[in-house]
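Take a look at the letters that make up each chain.
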Amino acid sequence: MKLTTRQIILCGLFAALISVFAQISIPLPFTTVPFTLQIFGIAITGLILGAKCGFISTLIYLILGAIGIPVFAQFSGGLSILFGPTGGFLLGYPLMAFIIGYTRERFQSKISTSISMILGLALVYAFGTVIFSLITGNTILQSLSYCVLPFVAVDLLKLVLAYTVGETVCKRVFSSLNLAK
């Protein structure tokens with residue numbers, strides 16, 4: 001897999017962008033999962049960069065956090081976060097970006113892209129819920145009530161916003177500069 005210089009720069013830029021969105025974080029009293037804009041950042045990454053570069057950007061983000069750079073929510077980092085209660089959500093991000101990017105590249109349909117965004121979010125929820133349940137000893141239903149149900153409406157709103165922003169950026173940047181994705 002060979003990347004152009006532009007692709008490498010965009011992957012790094014979007015990994016940094018996801019890191020910034022992670023810091024917009026509000027801890028919630030009833031769960032260890034904070035409210036962040038990471039889902040928004042992952043969705044935009046997949047929409048704008050596509051499957052390959054979106055996946056790589058999120059991997060860069062995870063690797064930076066794994067080696068201890070405080071890029072995760074609330075300026076945290078390290079393997080303990082990746083393998084902690086919220087780690088499953090983080091580990092689902094590359095798959096979400098890939099699914100969104102792949103669908104966008106292949107079908108270029110609003111409906112299929114929207115479905116892929118919801119599917120990607122569902123996979124993040126599934127990974128996160130299972131890992132949270134295994135680590136905390138909660139049942140799947142308890143884990144869903146702590147980690148998913150409080151976030152569904154807001155996360156769907158983030159996806160709508162990400163779609164709107166992503167479409168606008170793609171139309172304006174890529175078409176006006178004659179850049180091929």
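Refer to the structure printed above.
Note that the coordinates shown come from a computational prediction; the quantities given were computed from them, not determined experimentally.

The next point concerns the pattern of salt bridges. Across all of its chains, the model carries two salt bridges by this definition. Residue Arg104 pairs with Glu167 through a salt bridge whose shortest N-O separation is 3.2 Å. In this pair, Arg104 sits in helix α4 (residues 87–107) while Glu167 sits in helix α7 (residues 152–176), placing the two residues 63 residues apart along the sequence. Overall, the relative accessible area of 15% leaves Glu167 in the buried class. The closest approach of N and O atoms between Asp155 and Lys158, which form a salt bridge, is 2.7 Å. One end of the pair, Asp155, and the other, Lys158, are both in helix α7, three residues apart, so they sit about a helical turn from each other. Here Asp155 and Lys158 have matching classes, each one buried.

Attention shifts here to helix α2 (residues 38–66). Compared with the 42 Å implied by 1.5 Å per residue over 29 residues, the 16 Å span of α2 between its first and last C-alpha is markedly short. Its axis deflected by about 135 degrees at Gly50, α2 carries its strongest bend there. The buried fraction of α2 is high, at 22 of 29 residues. Backbone geometry just after α2 places Gly68 at a positive phi near 105 degrees.

In this section: the environment of Gly166. Within the secondary structure layout, Gly166 lies in helix α7. On the basis of relative accessibility, which here comes to 0%, the residue Gly166 falls in the buried class. Sequence-wise, Gly166 and Pro29 are 137 residues apart; in three dimensions their C-alpha atoms are separated by 32 Å. With near-sequence residues (within four places) excluded, Gly166 lies in contact with Leu47 and Ile48.

Taken together, the side chains of Phe55, Leu59, Ile63, Ile67, Ile69, Leu91, Leu95, Phe98, Tyr102, Phe107 and Phe127 define a hydrophobic patch exposed on the protein surface, amounting to about 970 Å² of accessible area. Secondary-structure elements contributing two or more residues to the nonpolar patch are α2 and α4. For the nonpolar patch, the element with the highest residue contribution is α4, accounting for five residues. Tracing the backbone shows Leu95 in helix α4.

About the criteria used
Sequence order as written defines the numbering, with residues in each chain counted from 1. Owing to the predicted nature of the model, reporting of local features is limited to residues with pLDDT of at least 70; listing and counting of side-chain atom pairs is limited to 80 or more, with chain, interface and lining totals taken over all residues. Each side-chain value is derived from all of the structure's non-hydrogen atoms; neither hydrogens nor water enter the calculation. Salt bridge criterion: a side-chain nitrogen from Lys or Arg within 4 Å of a carboxyl oxygen from Asp or Glu. For the purposes of this entry, the term helix denotes a DSSP run of H or I that reaches at least four residues, the term strand denotes a run of E that reaches at least two, and both are numbered from the N terminus. Exposure is judged per residue with a 1.4 Å probe applied to protein chains only, and the accessible area is read against the type maximum: over 50% gives exposed, under 20% gives buried, and values in between give partly exposed. The span expected for a helix works out to 1.5 Å for each residue beyond the first. In this analysis the local bend is the angle between axes fitted, respectively, to the seven residues ending at and the seven residues starting at the residue. Any two residues whose heavy atoms approach within 4.5 Å at even a single point are treated as in contact. Here, patches come from residues exposed beyond 30% relative accessible area and free of salt bridges, joined within 9 Å for like charges and within 5 Å for nonpolar side chains (Val, Leu, Ile, Met, Phe, Trp, Tyr). Accessible surface is estimated by sampling points in the Shrake-Rupley manner with a 1.4 Å probe; for residues, cover comes only from the protein chains shown.

As far as function goes, none of this settles anything; it's purely spatial.
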